[in-house]
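Coordinate inspection notes
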Amino acid sequence: MKFIKTLCLGLVITALMGIGNAFAAEKNIIAVTGTAFSEVKPNMATVSMRVEAKGKDSPQVREALALQIAKVQQALAFAGVTEDKVKTGQYNITANVIHRRNGDRQTTGYRGNCTFTAQVEEINKIGTVVDRIGNIADVQVNSVNFGLLHREEMERNLLAKATENAKDKATIVATAGGRTLGNLISADIDSQGGSNINLAYATNDMARSSGSKMTSTQLSPGTIKLTAYVRTQWLLQ
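Structural notes, computed from the coordinates. As the structure is a computational prediction, the values presented were derived from the model and not from experiment.

**Quick look at the overall build of the protein**
- Counting its secondary structure elements, the protein contains five helices and eight strands.
- For the protein, the α and β elements follow one another from N to C terminus as α-β-β-α-β-β-α-β-α-β-β-α-β.
- A total of 237 residues make up the protein; the buried ones form 28% of that total.
- Sequence-distant contacts, at least 24 apart, represent 84% of the contacts inside the protein between residues at least 6 apart.
- Of the roughly 15,200 Å² that the protein leaves accessible, carbon and sulfur atoms contribute 53%.

Below is the structure:
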């Protein structure tokens, strides 16, 4: 019994020492968040498009979609967008079915659609791309998303600056408290930024049928703000 009491007392003392060491370790750590940001002009844009077609049967719709897609590809090529910068999203052809009260089903035709995106790297041509695609019958421009080529490299540079910012803050606090800043113990990183314009473009059938001259699209992408956050912990000596 005496042995058990001695063992329990030893365990309690060990636990208390562990808590004390952990508390002391926390006193020797400083947590600081560093930030860095940059505003840059976009150097690319992604255009989201949708092509639609209707017909009496599936082959007719498929042929109509192919024709419209070819027109879109020609418009993109004119603006300097190569095939490798164009990506197809969804491609669907479905039947228009009417359900009768007697339970019968009647197919009244077919409809199809295809969505895809194009990456435009000549930012000064984005208005031309939007106008040429928007002027094609049954083609809709949904949105333009401005972005940055080589964004990862820019974010890496910002993370380095954010870490330096955190170190400077920690050094100021440590020095003011009569301590010396030690090594970096841990770091959590985060970054954000982007720019998007929703166009919700119509197919402009009325303008084409009336022969009216349409005003060219002028987009102002502005700047993209990139922000980096680094949550750090440093050892105090």
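**Topic: the packing of helix H2 (residues 58–78) against helix H3 (residues 126–134)**
- Orientation of H2 relative to H3, taken along the N-to-C sense of each, is 160°, at an axis distance of 9 Å. Judged on the interaxial angle alone, H3 and H2 are roughly antiparallel. H3 is crossed by H2, and the crossing has right-handed handedness. Residues Val72, Ala75, Leu76 and Phe78 of H2 pack against Val129, Arg132 and Ile133 of H3.
- Considered class by class, the residues forming the contact of H2 with H3 number six nonpolar, no polar and one charged.

**A few points about the pattern of salt bridges**
- Under the definition given, this model contains four salt bridges.
- Here arginine 50 and glutamate 52 are joined by a salt bridge, their closest N and O atoms 2.8 Å apart.
- Judged by relative accessible area, which is 27%, arginine 50 ranks as partly exposed.
- The exposure class assigned to glutamate 52 is partly exposed, which follows from its relative accessible area of 34%.
- Note that arginine 151 and glutamate 155 form a salt bridge whose closest N and O atoms lie 2.9 Å from each other. Of this pair, arginine 151 and glutamate 155 both sit in helix H4 (residues 151–176), four residues apart, roughly one helical turn.

Conventions adopted
- Residues numbered from 1 in each chain as written.
- Predicted model: local features only at pLDDT ≥ 70, side-chain atom pairs only at ≥ 80, totals over all residues.
- Heavy atoms only, no water.
- Helix = DSSP H or I, 4+ residues; strand = E, 2+ residues; numbered from the N terminus.
- Buried < 20%, exposed > 50% of the residue type's maximum accessible area, 1.4 Å probe, protein only.
- Contact = heavy atoms within 4.5 Å.
- Areas by Shrake-Rupley, 256 points an atom, 1.4 Å probe, with all protein chains shown as cover.
- Axes fitted to C-alpha atoms, helices over the stretch in contact; angles between N-to-C directions.
- Parallel < 35°, antiparallel > 145°, perpendicular 65-115°, else oblique.
- Left-handed = near helix turned anticlockwise from the far one by under 90°.
- Nonpolar A, V, L, I, M, F, W, Y, C, P; charged D, E, K, R; others polar.
- Salt bridge = Lys/Arg side-chain N within 4 Å of Asp/Glu carboxyl O.

Read these as geometric descriptors, not functional statements.
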